[in-house]
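# Residue-level structural notes
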Amino acid sequence: HALRGELLADQGAIDASLAAYRHSLGLVENLRATQQAELRLAIGRRTLVYLRDGTRARAEAQRARFDLEVLEGEIEDAAGNDAAAQAHYAAALALATALDDPHHAAKLHEVLGILAAHHLRLDEAVAHLTQAGERYAAAGNLICAVGVTNTNLSYAYLVTRHYARALAPAQEAIAYFEALN
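Structural notes, computed from the coordinates. (Residues numbered from 1 in each chain as written. Predicted model: local features only at pLDDT ≥ 70, side-chain atom pairs only at ≥ 80, totals over all residues. Heavy atoms only, no water.)

## Thoughts on a nonpolar patch on the surface
The criterion, for reference: Here the term patch refers to residues with relative accessible area over 30% and no salt bridge, with like charges joined within 9 Å and nonpolar side chains (Val, Leu, Ile, Met, Phe, Trp, Tyr) within 5 Å. Per-residue accessibility takes into account occlusion by the displayed protein chains alone, with areas from the Shrake-Rupley method and a 1.4 Å probe. Salt bridge, as used here, is a side-chain nitrogen of Lys or Arg placed within 4 Å of a carboxyl oxygen of Asp or Glu. Only runs of H or I of at least four residues qualify as helices and only runs of E of at least two qualify as strands under DSSP, and these elements are numbered from the N terminus. For every residue, the accessible area obtained with a 1.4 Å probe (protein chains only) is divided by the maximum for its type, and the residue is called buried under 20%, exposed over 50%, and partly exposed between those limits.
A contiguous nonpolar surface patch, about 440 Å² in accessible area, is contributed by Leu48, Val49, Tyr50 and Leu51. Note on placement: Tyr50 falls in helix 2 (residues 14-51). Look at Tyr50 and you get exposed, because its relative accessible area is 65%.

## Quick word on the nonpolar core
The tendency in soluble globular proteins is for nonpolar side chains to be buried as a group. We apply this condition: By nonpolar core is meant a set of buried Ala, Val, Leu, Ile, Met, Phe, Trp, Tyr and Cys residues that side-chain atoms within 4.5 Å join together. Note on contacts: a residue pair qualifies if any of its non-hydrogen atoms lie within 4.5 Å across the two residues.
Counting 13 residues, the largest nonpolar core has Phe66, Val70, Tyr89, Ala92, Leu93 and Leu108 as the members making the most contacts within it. Contributing elements (two or more residues each) for this core: helix 3 (54-78), helix 4 (82-98) and helix 5 (102-118). Counting residues per element, this core draws most heavily on helix 4, which supplies six residues. If sequence neighbours within four positions are ignored, Val70 has contacts with Tyr89, Ala92 and Leu108. Counting residues in hydrophobic clusters, the runner-up holds 10 residues, among them Ala117, Val126, Leu153 and Tyr157.

Quick look at the structure:
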């Protein structure tokens, strides 16, 4: 697809070229997630067979399952299947919580919040985004805890037409990012 994108660009079909490049990028992202899961399975298998450590092998299998749930959520989200995407992301969130992985749990709350906002479910979006901010803060990621979370909260208010409520989180995000520079 990348070569097709290059060929289309050479022919002057820029929109088609960009679409081909974007398609290639999606394939690479999916391949990366699949390869990551395969590597985790290989690690788990070797840990079990050679080290006889079932606990660590099980943790690797759960991490592989996490990667696959996220990938399936992304696939369903891209296809516009909201309920299926939400189910996969919720399963991944449960795995991240079971693995005591606050950063991935925060990211999944963020993804679920944005998905809810996109589908105009404001209360659900705010709940997930608030959880994301709290978990990012607990993980020590202040950029996401303050800047990104407030940006996403502002987005949720904007897309659900609560314009006045969008202002405070947007101002907080802007102030935070300006202080970084």
